[in-house]
Amino acid sequence: MTTPVPGENGPARSRTRLELKGRAVDLTITSSGDLSELCSVRTDGPPPDVDVSAASVVVTFPHRRPFGPRPTRCELVLSAAPMWELRAARGIQDIRADLTGIDLEGISVAGLAGAEFLLPKPRGTVAVKVGGGATGVEISRPRGVAARVEVGGGVHGLTLDGNTFGAVGGRTEWATPDHDHARDRYVISFLRGASSVVVRQRERQEDTGAASIRRLATVLFTDIVGSTRLAADQGDRRWTQTLEQHDEVAARIVREHGGRVVKQTGDGMLALFDRPGSALASATVFRDESRRDGIEIRAGVHTGEVELRGEDVSGIAVHIAARIMDEAPDGEILASRTVRELVAGEDFGFEDRGVHALRGIDDEWALAAVSRRGD
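Residues numbered from 1 in each chain as written. Predicted model: local features only at pLDDT ≥ 70, side-chain atom pairs only at ≥ 80, totals over all residues. Heavy atoms only, no water.

Trainee: When you look at the overall build of the protein chain in this model, what are you seeing that I'm missing?
Mentor: A tally of helices and strands in the protein chain yields 4 helices and 27 strands. Within the protein chain, the proportion of its 375 residues that are buried is 51%. Expressed as a percentage of contacts within the protein chain between residues at least 6 apart in sequence, the contacts between residues at least 24 apart total 68%. (Helix = DSSP H or I, 4+ residues; strand = E, 2+ residues; numbered from the N terminus. Buried < 20%, exposed > 50% of the residue type's maximum accessible area, 1.4 Å probe, protein only. Contact = heavy atoms within 4.5 Å.)

Below, the structure is given as structure tokens:
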């Protein structure tokens, strides 16, 4: 059975809220770019009640009576035309939501049990909030998309991008190294605890089945100092041109020094090098060229073991380089002691910047500002 749900003035809406109420235990959510209405409902039994208003679609599932028959399967198909916000009351279980074909404004659910969410590429910061605890949940995002995960009330069995944690009490917070500097990112919050939860990156088709490779590498993180102020001063069009020029210059300099830009982070970059000296040379040249263009940058450099999977990189060395950059004053390149020791005898100068406790990283780290000898 298919029940069409037309919009009042056609399917084109700037924002539409999908609200799920009642109790559903076998629900699939997909999308279609060919749908002539806002939403259609397909079931193999009695359909839920559907109410369409100016800016929302409310789907109310019937409550299951004690010892009654198992609820029937149900599929919601959403139009790809509007930007969707998803809200669900407690009692929505066994959901598989493939949201990859829509623009997503956010997700807010009262609790989840047995759920899988395939998220689309975000626009700006998109929040995914689970308010009443989560059990048996998997959330996947496109590869390379930045994310932060917050868990309140304790967690048991949490897997984050391949890293598994057992039992952790209190509040837990984890973020990809580029999260603080990314324009497009997810913030995923489990407010009242989580159990058997997986938050991961979805494989690109060409990466499926590719084995991860661990090796020693030097990681360089950079960002533009005062990017928010510069964007406001320059306006959208000029700022976009500034960022495009920044990305082109960064890619050229990294390539000339034998490195690879793994990703642009909105107002900075993450790059990988085989040699620490190449990373430092690239960072100093990039800083000097950026200054001539009226842009000040800061950078962090660290050498350690990383994990390569396709075109992406992960590992504790990536996190450390990002946190070192966070400690850098305007216009400075900070390096770890590891980098300093590895390039001893090369054409670099170092000025001690003291010992720092890096956010989210164990131990304290001795950092030094980097310069080319003769500068």
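Trainee: Can you help me understand the pattern of salt bridges in this one?
Mentor: A side chain with one charge may pair with a side chain of the opposite charge, provided their charged atoms come close. Throughout the structure, instances matching the rule amount to 27 salt bridges. Across the salt bridge formed by Glu 85 and Arg 17, the nearest N and O atoms sit 3.4 Å from each other. Separated by 68 residues along the polypeptide, Glu 85 in strand 8 (residues 83-88) and Arg 17 in strand 2 (residues 15-21) bring together distant segments of the chain. For Glu 85, a relative accessible area of 15% gives the class buried. Since its relative accessible area comes to 27%, Arg 17 is described here as partly exposed. Put simply, Asp 288 and Arg 287 hold a salt bridge, and the shortest N to O gap is 3.8 Å. Given a relative accessible area of 8%, Arg 287 falls into the buried group. Several salt bridges share partner residues, and in doing so they unite Arg 17, Glu 19, Glu 85 and Arg 87 into one network. (Salt bridge = Lys/Arg side-chain N within 4 Å of Asp/Glu carboxyl O.)

Trainee: What should I look at first to understand the layout of surface pockets in this one?
Mentor: The probe, sized like a water molecule, is rolled over the atoms to show the empty space still left. Counted as a void, the largest pocket has a volume near 980 Å³. What lines the largest pocket is a set of 43 residues, among which Leu 160, Asn 163, Trp 174, Ala 175 and His 319 lie closest to the centre. If you list the elements that add at least two residues to the lining of the largest pocket, you get strand 15 (155-160), strand 16 (163-168), strand 17 (172-175), strand 19 (194-202), strand 20 (213-224), strand 23 (297-309), strand 24 (312-314) and helix 3 (316-327). Looking at the lining of the largest pocket, its residues break down into 18 nonpolar, 11 polar and 14 charged. (1 Å grid on protein atoms, 1.4 Å probe; cavity = no way out; pocket = protein on both sides within 12 Å on 5 of 7 lines; lining within 4 Å. Points joined across faces, edges and corners; volume = space filled by probe spheres on them. Nonpolar A, V, L, I, M, F, W, Y, C, P; charged D, E, K, R; others polar.)

Trainee: Looking at this structure, how should I read the side chain of Gln 234?
Mentor: Of note, Gln 234 is situated in helix 1 (residues 227-256). A distance of 2.7 Å separates polar atoms of two side chains, one belonging to Gln 234 and the other to Thr 242. (Polar contact = N/O pair within 3.5 Å; in protein donor to acceptor, adjacent residues only side chain to side chain.)

Trainee: In this structure, what is going on with the packing of helix 1 against helix 2 (residues 276-292)? I would like to understand it.
Mentor: Helix-helix packing is characterised by the crossing angle of the two axes and by the distance between the axes. Contact geometry of helix 1 with helix 2 gives a least axis separation of 9 Å together with a crossing angle of 150°. By crossing handedness, the relation of helix 1 to helix 2 is classed as right-handed. Residues His 246, Val 249, Ala 250, Arg 252, Ile 253 and Val 254 of helix 1 form the contact with helix 2, whose own contacting residues are Ser 282, Val 285, Phe 286 and Glu 289. (Axes fitted to C-alpha atoms, helices over the stretch in contact; angles between N-to-C directions. Left-handed = near helix turned anticlockwise from the far one by under 90°.)

Trainee: Just to check I follow, could you spell out helix 1 for this structure?
Mentor: If you check helix 1, its first and last C-alpha atoms are just 26 Å apart, much less than what 30 residues at 1.5 Å a residue would give, namely 44 Å. Its axis deflected by about 120° at Gly 235, helix 1 carries its strongest bend there. Every buried residue belonging to helix 1 is among Ser 227, Leu 230, Gln 234, Trp 239, Thr 242, Leu 243, His 246, Asp 247, Val 249, Ala 250, Ile 253 and Val 254, and all of these are buried. In this fold, the buried residues of helix 1 make contact with strand 20, strand 21 (260-264), strand 22 (268-273) and helix 2. (Expected span 1.5 Å × (residues − 1). Bend = angle between axes of the 7 residues up to and from the residue.)

Trainee: Where do I start with the environment of Thr 303 in this structure?
Mentor: Mapped onto the secondary structure, Thr 303 falls in strand 23. A relative accessible area of 7% places Thr 303 in the buried class. A C-alpha to C-alpha distance of 9.7 Å links Thr 303 and Arg 340, two positions 37 residues apart in sequence. Non-local contacts of Thr 303, meaning those with residues more than four positions away in its chain, are made with Leu 216, Ala 217, Thr 218, Pro 276, Ser 336, Thr 338, Val 339 and Leu 342. Here Thr 218 takes part through its side chain, which lies 2.7 Å from a polar atom of the side chain of Thr 303.

Keep in mind these values describe shape, not function.
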